[in-house]
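Letter by letter, the chains look like this.
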Amino acid sequence: MTTAVVKQHTDLLRQMLRIRKFEEACAELYSAAEIRGFLHLYVGEEAIAAGVLSDLTAADAVVTTYREHGHALARGIPMEAVLAEMFGRTSGCSRGRGGSMHLFDAKRRFYGGNAIVGGGLPLAVGIALADRMRADLHVTACFFGDGAVAEGEFHECMNLAALWKLPVLFCCENNLYAMGTALARAQAQTDLALRASSYGMPAWAVDGMDVLAVEEATRRAVETIRGGGGPGFLELRTYRFRAHSMYDSDRYRDKAEIARWKERDPIEAMVRRMQLTDDALKALHREVDDEIQRAVAAAAEGPLEPVEDLTRFVYAEKS
Amino acid sequence: MTTYREALREGLRDALRRDERVFLMGEDVGAYGGCFGVSLGLLEEFGPDRIRDTPLSESAFVGAGIGAAMAGLRPIVEIMTVNFSLLALDQILNNAASLRHMSGGQLGVPLVIRMTTGAGRQLAAQHSHSLEGWYAHIPGLRIVAPATLADARGMLWPALTDPDPVLLFEHGSLYNLAGEPEADGPVDIDHAAIRRPGTDVTLVTYGGTLGKTLDAAEQLAADGISAEVIDLRTLRPLDDATFIESVRRTHRAVVVDEGWRSGSLSAEISARITEQAFEDLDAPVDRVCSAEVPMPYAKHLEDAALPQPAGIVAAVRKAVNGNG
Ligand SMILES: Cc1ncc(C[n+]2csc(CCOP(=O)(O)OP(=O)(O)O)c2C)c(N)n1
């Protein structure tokens, strides 16, 4: 293996580990009531954010859902800013107004954080349209779950993006469940890549537990998109190891099913594949733990937005 | 002892038992037990035909509920949160509310749509709004908002027997409200209720702000101000007779509404008071509403954005004492 490849693999693993450990820290902070509202964790799905976003440039755009901590971190939003947002602090990336479900970073072309299922898809189409009209073929990566495929907006957006040949990478994170509703109980056709291809765009079903497979599929799709070929669709087959949100008692899933998927843990699989030594792995863990500790300390110290500023940011401020 | 959540469930169970034509449909109402746990256990009791899980397709399943009602069934459609109902607004406004009129009285839509409304749980702007006032704007709909355990238990059946579409708004922060309900069966959905009699000022409210308004009334009583608290219960058609009659006795009114102030239900109530009881007023009608911002996540900002007892008390003092 070349050093470049080793570096790439290490970067992907580090990213997954950051996301995993961040989510675990969030669960604890939630139990300690430092974080409130809805909290949707990404544990099990890390290979997708890490794999897809490693192929995007700073000029590309990202639109995502309420399960977006992983995308935010992989996009490069500083961990303190993400965590401070969940603590409801001014130092948060949405000044404490958005919380876990609404992370934004305009500078990094990170357009949220949408908690309306399917609500981000039209935005992605519009961002891509703007890029295309300016003759920039920047890619807009749009993440959504299998549940969103049932919404009318999904179909309207597939059609528009394909019709106008827009540079959108649709990333469907198929974790088999929309809250408690199994894909097969919600969809007449469960082959989601097949459905996307019916709109006339290239679509691939990808093993979402394999970060290298995700990265490679993304690279191929992004190449077509940047070449002006119009949108592409990745159905990323994955699984969430935890419940839908912290409120969910997860009664609708079979324990054996969860255990089977955990055997395919994307992080463990990558560690095995890279044949990392215990020491190297420990060092990586330590590095990530340090980052998390610093982020927690910084977030907890962040100031609260003054109440007098409650009605700011409803309209543009005159300078 | 029962909770608001259990009272709603009892109402559902009762309706499903009473009438074969009744069925419940919506996202995660079955296997998951309802996203707020309201329909927990009903799938086992009534089966998947009558406790019907739907895909995330608000427009499709609300529209399908309208169709099923037109064809003789009595659907109860659950939308998780009022924010998501906007995806089905076309069906609710252009079909459910309009079909009877457009068809010259031939077609009715006897349907109940239940949904959660309101803030207070740090869920931020896309899960927290109180939009029932918008729906109360629409002719052809009836809008009800249970604020008590008895109403949570008893509003569904009269809503189902209404020949027209009824939207039932459950405030998200009430689900864990516990106590002994005063009644255990169908309730009146035509009239507002006086929840606390008083002589100095009329407080008009409903749903999630009833508790805060009653708290405020308690505090005012300690200061020797006697506040009458009216729970609207039905937001459309408005039972204005009850609050107008009250204002004629107390000569002062404060409206408490979690919706935004501009163009709101509170504006409508205030207008009706000035239209019908202007000469009885000793002070301008005041309103305590949510701040005009999309609801923020951070707790201190959310608290500041919502009507609170202290704000209600201050508004009442101003009405009673003049600007002092
Ligand atoms: C329009 C709309 N309807 C319902 C909801 C409530 N809700 C939030 S997440 C969710 C499940 C979505 O599942 P999926 O799209 O598969 O994404 P996942 O949570 O699995 O990542 C539901 C029903 C919502 N947020 N928006």
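Residues numbered from 1 in each chain as written. Chains lettered and ligands numbered in written order. Predicted model: local features only at pLDDT ≥ 70, side-chain atom pairs only at ≥ 80, totals over all residues. Heavy atoms only, no water.

1. As for the overall build of chain B
- What chain B contains, in helices and strands, is 14 helices and 14 strands.
- Dimensions along the principal axes, computed over C-alpha positions, put chain B at roughly 60 × 45 × 35 Å.
- Taken across its 324 residues, chain B has 62% of its residues classed as buried.
- For chain B, the proportion of contacts with a sequence separation of at least 24, taken over those separated by at least 6, is 81%.
- For chain B, the exposed area adds up to about 11,700 Å²; of that, 52% sits on carbon and sulfur atoms.
- Counting 28 positive and 44 negative side-chain charges, chain B places the averaged centre of each group 1 Å from the other. (Helix = DSSP H or I, 4+ residues; strand = E, 2+ residues; numbered from the N terminus. Buried < 20%, exposed > 50% of the residue type's maximum accessible area, 1.4 Å probe, protein only. Contact = heavy atoms within 4.5 Å. Areas by Shrake-Rupley, 256 points an atom, 1.4 Å probe, with all protein chains shown as cover. Lys, Arg positive; Asp, Glu negative; His and termini not counted. Charge placed at Lys NZ, Arg CZ, Asp CG, Glu CD.)

2. A closer look at the interface of chain A and chain B
- With 39 residues of chain A at the interface, the matching set in chain B holds 32 residues.
- Each partner contributes to the roughly 2,900 Å² buried at the junction of chain A and chain B, and carbon and sulfur atoms together form 65% of this total.
- For the chain A face of the interface with chain B, the top three residues by lost area are Ile-116, Met-179 and Leu-310 of chain A, together amounting to 20%.
- Run the count over chain A and chain B and you get one salt bridge.
- Linking chain A with chain B are 13 residue pairs in polar contact (both at pLDDT 80 or more), by the criterion used here. (Buried area = accessible area lost by both parts, 1.4 Å probe. Salt bridge = Lys/Arg side-chain N within 4 Å of Asp/Glu carboxyl O. Polar contact = N/O pair within 3.5 Å; in protein donor to acceptor, adjacent residues only side chain to side chain.)

3. Notes on the site of the ligand
- Near the ligand you find 21 residues, and of these Tyr-66, Arg-67, Ala-115 and Asn-175 of chain A together with Glu-58 of chain B are the closest.
- Around the ligand, the neighbouring residues derive from chains A and B rather than from a single chain.
- Residue Asp-146 of chain A places a side-chain N or O atom 3.1 Å away from an oxygen atom belonging to the ligand.
- Burial of the ligand by the protein chains amounts to 97% of its free accessible area of 590 Å².
- For the shell around the ligand, the class distribution of residues is 12 nonpolar, four polar and five charged. (Near = heavy atom within 4 Å. Nonpolar A, V, L, I, M, F, W, Y, C, P; charged D, E, K, R; others polar.)

4. With respect to helix α14 (residues 309-321) of chain B
All names here are of chain B.
- Between the first and last C-alpha of α14 there are 18 Å, a value that for 13 residues agrees with the 18 Å anticipated at 1.5 Å per step.
- Buried residues of α14: Pro-309, Ile-312, Val-313, Ala-315, Val-316 and Ala-319, and no others. Along the long axis of α14, the arc covered by the buried residues comes to 165°, so they all point the same way.
- Tucked inside the fold, the buried residues of α14 contact β10 (201-205), α10 (210-222), β13 (253-260) and β14 (286-290).
- Gly-322 sits one or two positions beyond α14 and adopts a positive phi of about 75°. (Expected span 1.5 Å × (residues − 1). Arc of directions from axis to C-beta.)

5. Observations regarding the sheet that holds β10 of chain B
Residues and elements named next belong to chain B.
- Strand order across the open sheet formed by five strands is β9-β11-β10-β13-β14, with mixed pairing between neighbours. With one partner strand each, in any of the chains shown, β9 (193-196) and β14 form the two edges of the open sheet. The mean angle between the axes of side-by-side strands here comes to 25°, regardless of whether they run parallel or antiparallel.
- In this sheet, strand β11 (residues 227-231) lies alongside β9 in antiparallel orientation, the contact comprising three bridges. (Pairing = 2+ DSSP bridges. Axes fitted to C-alpha atoms, helices over the stretch in contact; angles between N-to-C directions.)

6. So, the packing of α10 of chain B against α14 of chain B
Residue and element names in this part refer to chain B.
- One way to put it is that α10 packs onto α14 with a least axis distance of 8 Å and a crossing angle of 55°. One element, α10, and the other, α14, form an angle in the oblique class. Here α10 and α14 pass one another in a crossing that is right-handed. Seen from α10, the contacting residues are Lys-212, Thr-213, Asp-215, Ala-216, Gln-219 and Leu-220; seen from α14, they are Pro-309, Ile-312, Val-313, Val-316 and Arg-317. (Parallel < 35°, antiparallel > 145°, perpendicular 65-115°, else oblique. Left-handed = near helix turned anticlockwise from the far one by under 90°.)

7. A few points about the sheet that holds strand β8 (residues 232-237) of chain A
Residues and elements named next belong to chain A.
- Here we have six strands laid out as an open sheet, ordered β2-β1-β3-β4-β8-β7, and parallel in their pairing. The outermost strands of the open sheet, each flanked by one partner alone, are β2 (110-114) and β7 (203-207). Neighbouring strand axes in the sheet, compared pairwise and without regard to direction, differ in orientation by 15° on average.
- With three bridges connecting them, strand β1 (residues 61-65) and strand β3 (residues 140-145) associate as parallel partners. Bridge pairing links Ala-61 to Thr-140 in β3.
- Seen against the sheet, helix α5 (residues 120-133) touches β1, β2, β3 and β4 (168-174) and runs at an angle of roughly 170° to β3.
- Where helix α9 (residues 211-229) meets the sheet, it contacts β4, β7 and β8, and its direction lies at approximately 165° from that of β7.

8. Examining the domain arrangement of chain B
Residues and elements named next belong to chain B.
- As assigned here, chain B comprises domain 1 (2-179) and domain 2 (193-321).
- Computed from C-alpha coordinates alone, the two centres of domain 1 and domain 2 are separated by 26 Å.
- With 30 residues of domain 1 in contact, the opposing surface of domain 2 contributes 23 residues.
- Across the interface of domain 1 and domain 2, roughly 2,100 Å² is buried in total on both sides, 57% from carbon and sulfur atoms.
- Linking domain 1 to domain 2 there are two salt bridges.
- Of the charged contacts in the structure, one is a salt bridge between Arg-195 and Asp-151, with a shortest N-O distance of 3.0 Å. (Domains from an automatic or database assignment.)

9. Focus on the environment of Ala-69 of chain B
Residue and element names in this part refer to chain B.
- Along the chain, Ala-69 falls in helix α3 (residues 58-70).
- Expressed as a C-alpha distance, the spacing of Ala-69 and Gly-208, which sit 139 residues apart in the sequence, is 29 Å.
- Residues within four places of Ala-69 in sequence aside, it is in contact with Arg-74, Pro-75, Gly-108, Val-109, Pro-110 and Leu-111.

10. Considering empty space enclosed by the protein
All names here are of chain B.
- Taken as a whole and assessed by the stated rule, the structure comprises five cavities of 30 Å³ or more.
- Forming the walls of the largest cavity are 13 residues, and the residues nearest its centre are Glu-132, His-171, Tyr-206, Gly-207 and Gly-208.
- Secondary-structure elements contributing two or more residues to the lining of the largest cavity are β7 (166-171) and β13.
- The leading source of residues in the lining of the largest cavity is β7, at three residues.
- Here the residues of the lining of the largest cavity are counted per class, giving four nonpolar, five polar and four charged. (1 Å grid on protein atoms, 1.4 Å probe; cavity = no way out; pocket = protein on both sides within 12 Å on 5 of 7 lines; lining within 4 Å. Points joined across faces, edges and corners; volume = space filled by probe spheres on them.)

11. Some remarks on the UniProt feature "domain: Transketolase-like pyrimidine-binding" (unreviewed entry) in chain B
- Mapped onto this numbering, the UniProt entry gives "domain: Transketolase-like pyrimidine-binding" (unreviewed entry) at residues 2-177 of chain B.
- Across residues 2-177 of chain B one finds 37% helix and 19% strand; the C-alpha atoms that close the span lie 8 Å apart. (UniProt positions renumbered as here; feature names shortened; annotations may be inferred.)

12. Quick notes on unusual backbone geometry
- The linkage connecting Arg-236 of chain B with the following residue, Pro-237 of chain B, adopts the cis geometry, with an omega of -5°.
- With respect to the helices and strands, the residue Pro-237 of chain B is situated in the loop between β12 (234-236) and α11 (240-250).

13. Describing α3 of chain B
Residue and element names in this part refer to chain B.
- With 13 residues, α3 should reach 18 Å at 1.5 Å per residue; the first-to-last C-alpha distance of 18 Å fits that figure.
- Those residues of α3 that sit buried are Glu-58, Phe-61, Val-62, Gly-63, Gly-65, Ile-66, Ala-68 and Ala-69.
- Lining the buried residues of α3 we find β2 (22-26), β4 (74-81), α4 (82-85), α5 (89-96), α6 (99-102) and β5 (112-117).

14. A word on the side chain of His-102 of chain A
- Note on placement: His-102 of chain A falls in the loop between α4 (79-86) and β2.
- Setting aside anything within four residues of it in sequence, one finds His-102 of chain A in contact with Glu-68, Ser-94, Gly-113 and Ala-115 of chain A together with Leu-123, Ala-124 and Gln-126 of chain B.

15. Here's the deal with the nonpolar core
- In terms of nonpolar packing, the biggest core is built from 63 residues, with Leu-83 and Leu-169 of chain A touching the most fellow members.
- Ranked by residues supplied to this core, first place goes to helix α1 (residues 3-31) of chain A with 11 residues.
- Setting aside residues no more than four positions away along its own chain, Leu-83 of chain A makes contact with Phe-22, Cys-26, Leu-29, Ala-295, Val-296 and Ala-299 of chain A.
- Within the second largest apolar cluster, 60 residues are counted, among which are Met-209 and Ile-258 of chain A together with Tyr-135 and Ile-273 of chain B. (Core = buried A, V, L, I, M, F, W, Y, C linked by side-chain atoms within 4.5 Å.)

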